[in-house]
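Examining the three-dimensional arrangement
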Amino acid sequence: MKERKGACFALVALIFLLIVSVGGVAPVEACYGPQITAEIDKTEVYINETVTITGQICPAEPNVTVRVTFTRPDYTWIDRWVETDPETGEFSVTQELDMVGYWNIFPIRGHICDRLYANVTDPNDPLAPLPMPELPAYKPNISLVTVAAISISVGVVAVTTTRKNKTRNISSLRLLVQIGFIFILFFGMFIDHRVVPVPAEQITPHEYLILTDVFGVSMPDGFPIPLLGCYYPCGKIATCALWELQTYIYPFWETGRGWGVDYVSSGAMRLAVVFGSVILLSVLLGKFFCGWLCPFGLYQDLISRFRKALKIEYRAFSDRFNERFHQLGYVILALLIILSVIFGSQALFGTQLVSGTEKGGFIYNYFAAPFCQVCPMKPLCVLLQTSVGLMRPEWLTEATTGDFYQLGFYLTSLNLFVLGLVTVAAFFYRRVWCRLCPLGALIALFNRFQPFKRFSGIRLEKVEEKCTKCGVCKRVCPTQVTEVYEAKGGDVTTSNCLLCLRCVEMCPYEEALNLKVAGKTVLKSRNWLE
């Protein structure tokens, strides 16, 4: 009943937010600067044909020269310098493409650039082999390997030294799994990027993505998983489902050029893969992703361990506030979808509802993937990767198209503020972010509500006859779930339960709580008082 009331509350809030979003967005000027945008007249070209690049800088200034770099498939390049119109900022340049293969084209102004491409073929020799440049060899990232070895060693020690403490066995195992999964999720980080001397950007393999083709649907951003496996850092093997959910509505609903990739499948097909994957994984594992695999969950757990080391007591919300606080996740989830639909209205419905959503506009540059602009995982990931040498420090600020206080691609003051706020809150309130995480809400929709609930692969069940209502399960729950305590028996897994199994670990009554996977009991509470 509580979950249904929460869903109704979220629905009412969503309708209000939709009205506010549509009615309250004021037009913005097209030129807010600094920026550079460009287009190419054609992307499929025969060898020795010409292409024309047209673009605009913002703000327009007199005596400004733009560098347009045409990077050949063998990573050699042609630089063209063109002066912009002092009043409009517009520029144009034509170039002959003299090599078969994939060309990257960069219109560059200072550290800001746009990225175009052209695919060049030879009609007289369509089977001609593509140029295969010699690239620098891979090398292991020693800093990261050292960090991984130390981290996993700490987890192993935690597991082995706490085996005698029956109330910490599961928590220690969970810590080891959490640490290990981070290095699985970002497996590509162990191999340092090859430094290829090309202008504007390094054209290097950044990812080791799995399942980039799902039943014939091209997924160049990687397979979507329901945890905060951030899109922005390098070296990941999969991508956060929320990022794909937002960007495949806007700005990448249509096929064509994305952020460094080409979309050959439609946005509708890619979204079908996202929802299909999330539904399947949520039904099978539910919020096991949140309790055992999510990197940001580990970050909050480490903060809690630090607080315990300082012998500072945690704080708790009132039951009423905590219940409503959990509902914010559904509101945030709906809001990010609503905003993405509004911003992508031109591609979706043929009508632009908000100015600045065109390529190069304010919304396009600053609010594409709106949740990612406030997600606390994004700055944490890129800062950690910079610390081990996987990302250049200047990428964190210079890759933005505007000032540091504005939203941008990698890191901004708003991102840091949200991360700082969540970090402080997580110090006093256990797993505070997990209580309002929209990705957790997305998992809950497909795991704990009908008709999906009956197919859940993981369940926490309670035996009424063995429960004495001691209240331990309620006190140790990091997200203050009360249903395990209040329910008489049966399946007590709720939409707010992270399946961290702390309640099973601390319950002092034999088999009062049981974890079942596919109907089989794999873990049960033990009488640790004897």
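Presented here is a report on the structure given in the accompanying data block.

1. Quick look at a nonpolar patch on the surface
A surface patch of nonpolar side chains, about 350 Å² in accessible area, is lined by Val374, Leu414, Phe417 and Leu421. Along the polypeptide, Val374 turns up in the loop between helix H10 (362-366) and helix H11 (377-387).

2. Quick word on the packing of helix H8 (residues 319-343) against helix H14 (residues 438-445)
The N-to-C vectors of H8 and H14 enclose an angle of 95°; their axes lie 8 Å apart at closest approach. By the angle between their axes, H8 is roughly perpendicular relative to H14. Where H8 abuts H14, its residues Gly329, Tyr330, Ile332, Leu333 and Leu336 lie against Pro438, Ala441, Leu442, Ala444 and Leu445.

3. Here's the deal with helix H13 (residues 413-428)
Its 16 residues place the ends of H13 23 Å apart at the C-alpha level, agreeing with the 22 Å of an ideal helix rising 1.5 Å per residue. Of the positions making up H13, those classed as buried are Asn415, Val418, Leu419, Val422, Ala426 and Phe427. Structurally, H13 contributes buried residues whose contacts are with helix H7 (295-309) and H11.

4. Here's the deal with the pattern of salt bridges
Under the definition given, this model contains 12 salt bridges. Where Arg109 meets Glu61, a salt bridge forms, and the shortest distance between an N and an O atom there is 3.5 Å. Linking Arg109 in strand E7 (residues 101-109) with Glu61 in the loop between strand E3 (50-58) and strand E4 (65-71), this pair joins segments that are 48 residues apart in sequence. A relative accessible area of 34% places Glu61 in the partly exposed class. A salt bridge links Arg67 to Asp79; the shortest N-O distance between them is 3.1 Å. Of the two residues, Arg67 is situated in strand E4 and Asp79 in strand E5 (residues 77-83); the sequence distance between them amounts to 12 residues.

5. Let's talk about the sheet that holds E3
Judged by pairing direction, the sheet is antiparallel, and its three strands sit side by side in the order E1-E3-E6 without closing on themselves. The two strands at the open ends of the sheet, each matched to only one other strand, are strand E1 (35-40) and strand E6 (90-96). Here the strands of the sheet are splayed against their neighbours by 20° on average, with no regard to which way each runs. Of the pairings in the sheet, the one linking E1 to E3 comprises six bridges and is antiparallel in character. Of the residues in E3, the one forming a bridge with Ile36 is Ile57.

6. Here we look at the layout of surface pockets
Any empty space left between the atoms is revealed when a probe the size of a water molecule rolls over them. Of the voids in this model, the second largest pocket is the one considered here, and its volume is about 550 Å³. Around the second largest pocket sit 22 residues that line it, and Val147, Ile182, Phe183, Leu298 and Leu384 are the ones nearest its centre. Of all elements in the fold, only helix H2 (142-161), helix H3 (169-185), H7 and H11 reach the threshold of two or more residues within the lining of the second largest pocket. Ranked by residues supplied to the lining of the second largest pocket, first place goes to H11 with six residues. For the lining of the second largest pocket, the residue count by class is 19 nonpolar, three polar and no charged.

7. Observations regarding unusual backbone geometry
Cis geometry is adopted by the peptide bond preceding Pro251, which originates at Tyr250 and carries an omega value of 10°. Here Pro251 is to be found in the loop between helix H4 (241-247) and strand E16 (256-257). Backbone geometry places Asn48, a non-glycine residue, at a positive phi of 70°. Positionally, Asn48 belongs in the loop between strand E2 (44-46) and E3. Accessibility expressed as a relative area gives 45% for Asn48, which makes it partly exposed. Phi at Leu501 is positive, roughly 70°, even though this residue is not glycine. Note on placement: Leu501 falls in the loop between strand E19 (490-491) and helix H17 (502-506). Since its relative accessible area comes to 5%, Leu501 is described here as buried.

8. Concerning the sheet that holds E19
Read across the sheet, four strands follow the order E19-E18-E20-E21 without closing on themselves; strand pairing throughout is antiparallel. At either end of the open sheet lies a strand with only one pairing partner, and these are E19 and strand E21 (520-524). Bridge count between strand E20 (residues 513-517) and E21: four bridges; the pairing is antiparallel. Bridging from a neighbouring strand, Asn514 pairs with Lys524 of E21.

9. Overview of H11
Of all 11 residues in H11, eight are buried; the element is thus mostly enclosed. Within H11, the full set of buried residues consists of Met377, Lys378, Pro379, Leu380, Cys381, Val382, Gln385 and Thr386. Looking one or two residues past H11, Gly389 carries a phi angle of roughly 85°, positive in sign.

10. What to know about the pairing of E7
Of all nine residues making up E7, eight are buried, and the element is well covered by its neighbours. Here five bridges tie E4 to E7, and the two strands are oriented antiparallel to one another. In the sheet register, Thr71 faces E7, and the bridge partner there is Asn104. By the bridge criterion, two bridges tie E7 to strand E8 (residues 112-113) in an arrangement that is antiparallel. Looking at the pairing, Ile108 lines up with Cys113 of E8.

Rules of the game
- Residues numbered from 1 in each chain as written.
- Predicted model: local features only at pLDDT ≥ 70, side-chain atom pairs only at ≥ 80, totals over all residues.
- Heavy atoms only, no water.
- Patch = residues over 30% accessible without salt bridge, like charges linked within 9 Å, V, L, I, M, F, W, Y side chains within 5 Å.
- Areas by Shrake-Rupley, 256 points an atom, 1.4 Å probe, with all protein chains shown as cover.
- Salt bridge = Lys/Arg side-chain N within 4 Å of Asp/Glu carboxyl O.
- Helix = DSSP H or I, 4+ residues; strand = E, 2+ residues; numbered from the N terminus.
- Axes fitted to C-alpha atoms, helices over the stretch in contact; angles between N-to-C directions.
- Parallel < 35°, antiparallel > 145°, perpendicular 65-115°, else oblique.
- Contact = heavy atoms within 4.5 Å.
- Expected span 1.5 Å × (residues − 1).
- Buried < 20%, exposed > 50% of the residue type's maximum accessible area, 1.4 Å probe, protein only.
- Pairing = 2+ DSSP bridges.
- 1 Å grid on protein atoms, 1.4 Å probe; cavity = no way out; pocket = protein on both sides within 12 Å on 5 of 7 lines; lining within 4 Å.
- Points joined across faces, edges and corners; volume = space filled by probe spheres on them.
- Nonpolar A, V, L, I, M, F, W, Y, C, P; charged D, E, K, R; others polar.

Purely geometric numbers; function is a separate question.
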